[in-house]
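# Architecture and fold: a report
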Amino acid sequence: MITQRIFGTLSDGRNATVYKIENSFGEYVEIMDYGAVIHSINVKDKSGNLTDCVLGCADTESLQGRSFKAATMGRVGNRIDSGRCTVDGEELILETGRDGHLLHSGSGNFAFKLFEGKAESDGQTVTLHLLDKGECGFNSLLDCYISFTFDDDRRLSIHYDMTPVDKATVVSPTNHAYFNLGGLEDIRQEELTLYASNQPVLNQRGVPCGGIKSILGTPADFTSPRKIGEAMDSDPSFFPAGRRGYDDFYVLDKNRNGSLAAVLYSEKTGIEMKTYTDMPSVILYTPSYCAGSRDKK
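For the structure given in this document, a descriptive report is provided here.

Calculation notes
Residues numbered from 1 in each chain as written. Predicted model: local features only at pLDDT ≥ 70, side-chain atom pairs only at ≥ 80, totals over all residues. Heavy atoms only, no water. Core = buried A, V, L, I, M, F, W, Y, C linked by side-chain atoms within 4.5 Å. Buried < 20%, exposed > 50% of the residue type's maximum accessible area, 1.4 Å probe, protein only. Helix = DSSP H or I, 4+ residues; strand = E, 2+ residues; numbered from the N terminus. Contact = heavy atoms within 4.5 Å. Pairing = 2+ DSSP bridges. Axes fitted to C-alpha atoms, helices over the stretch in contact; angles between N-to-C directions. 1 Å grid on protein atoms, 1.4 Å probe; cavity = no way out; pocket = protein on both sides within 12 Å on 5 of 7 lines; lining within 4 Å. Points joined across faces, edges and corners; volume = space filled by probe spheres on them. Nonpolar A, V, L, I, M, F, W, Y, C, P; charged D, E, K, R; others polar. Salt bridge = Lys/Arg side-chain N within 4 Å of Asp/Glu carboxyl O. Phe/Tyr/Trp six-rings, centres within 6.5 Å; stacked < 30°, edge-to-face > 60°. Lys NZ or Arg CZ within 6 Å of the ring centre and 35° of its normal.

Bringing the nonpolar core into the picture now. Formed by 56 residues in total, the largest nonpolar core has its most connected members in Met32, Ile38, Phe222, Ile228, Tyr246 and Tyr250. Among the elements that make up this core, the one with the highest residue count is strand 13 (residues 142–150) (5 residues). Not counting residues within four places of it along the chain, the set of residues in contact with Phe222 comprises Leu192, Thr193, Leu194, Lys227, Ile228, Ala231, Tyr246, Tyr250 and Leu284. Within the second largest apolar cluster, 9 residues are counted, among which are Val87, Leu92, Leu94 and Phe138.

Next comes the structure, spelled out in structure tokens:
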């Protein structure tokens, strides 16, 4: 079943809408048309109580242009080195930040755009549409459809369908959700398994520059179930100066179980999250505070 409500009014006077997809067990996911945001994921814990597993924003003021929480990063998530890439022989000169590269598509980020939402007739799927104009230097049109499906298997699926309109472009979207399965417990208490034995070699700006390196036996090794906090504390010198947590790019193992990429588990709530992808890599990110507020509307 899908219902919808107005979340709030944006600075330009348009409304942001939240679509609620509820399964037959009373669990539900909320999808927002602004930023293609996963506003909440509410599933039952081991005691049968609903627990929201995603951090988010309370109002449109804190959402607009200020937060990446559970928003869709596009047209390219992560980084483009020096803000330059070549597509079909044409060099794109893109915005760059203080580190000298493009991050999350700069001012053109999908996280800051209002999509057109539609509840599909299956009662399980919400589809968001955007004709991206190519801000940030992409200088082309991209027809974007993002579908979110939540079903009775407690499975949230995201499907990206993006088609160049006038010329070829680079496309690599993702979702920027902050998961917390234990209510508001410190994420370091949760147990992570990540089916990746290697990370790419990065340059000084944090961009892959060729080759991979093994992370087995290091604080980045989650090939076996491991509490995040225990991994962090195992070797503090592993982390760059000024960073006490993960912002790491992993190359997924080819011999893993199908498309299963990661498993996160909270002993407190008994909630387990399995993550699947058809892509070859994942990023693990833990904010420095490792816990957050869910003061949501």
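After presenting the structure, the write-up continues.
In this section: the sheet that holds strand 2 (residues 15–22). What the 5 strands build is an open sheet, ordered 1-2-3-4-5; its pairing is antiparallel. The open sheet has two edge strands with one neighbour each: strand 1 (2–9) and strand 5 (50–52). Taking the axes of each pair of neighbouring strands and ignoring which way they run, one obtains an average angle of 20° across the sheet. Sheet topology note: the strand 4 (residues 37–44)/strand 5 ladder contains 3 bridges and is antiparallel. By the bridge assignment, Lys44 is partnered in strand 5 with Leu50.

The subject of this paragraph is empty space enclosed by the protein. Empty space among the atoms becomes apparent when a probe as large as a water molecule is rolled across them. By the definition in use, this model includes 1 cavity of 30 Å³ or more. One number sums up the size of the largest cavity: a volume of about 40 Å³. In terms of residues, the lining of the largest cavity owes the most to one element, strand 4, which gives 3 residues. Taken together, the residues that form the lining of the largest cavity break down as 7 nonpolar, 2 polar and 1 charged.

Let us look at the sheet that holds strand 21 (residues 260–265). With antiparallel pairing, the 4 strands of this open sheet are ordered in space as 19-16-21-22. Among the strands making up the open sheet, the edge pair consists of strand 19 (226–227) and strand 22 (272–276). The pairing of strand 16 (residues 191–194) with strand 19 spans 2 bridges and is classified as antiparallel. Opposite Glu191, over in strand 19, you have Lys227 as the bridge partner.

Glancing now at the pattern of salt bridges. When the charged atoms of two side chains with opposite charge come close together, those side chains can pair. This structure, assessed with the given rule, holds 14 salt bridges. A salt bridge links Asp151 to Arg155; the nearest nitrogen and oxygen atoms lie 2.9 Å apart. Taking relative accessible area as the criterion, Arg155 reaches 44% and is therefore assigned partly exposed. In this structure, Glu230 engages Arg226 in a salt bridge whose closest nitrogen and oxygen atoms are separated by 2.8 Å.

For the coordinates displayed, the defined rule picks out 6 aromatic pairs. Seen in terms of ring centroids, Phe222 and Tyr246 are 5.6 Å apart; in terms of plane orientation they differ by 70°. Their pairing is edge-to-face. With Phe222 in the loop between strand 18 (208–214) and strand 19 and Tyr246 in the loop between helix 2 (228–234) and strand 20 (247–251), the pair connects residues that are 24 residues apart, well separated along the chain. Neither Phe222 nor Tyr246 differs from the other in exposure class; each is buried. Feature note: the residues Phe222, Phe238, Phe239 and Tyr246 constitute an aromatic cluster, connected by ring pairs. A cation over an aromatic ring shows up here: Arg154 above the ring of Phe25, its NZ or CZ 4.5 Å from the ring centre.

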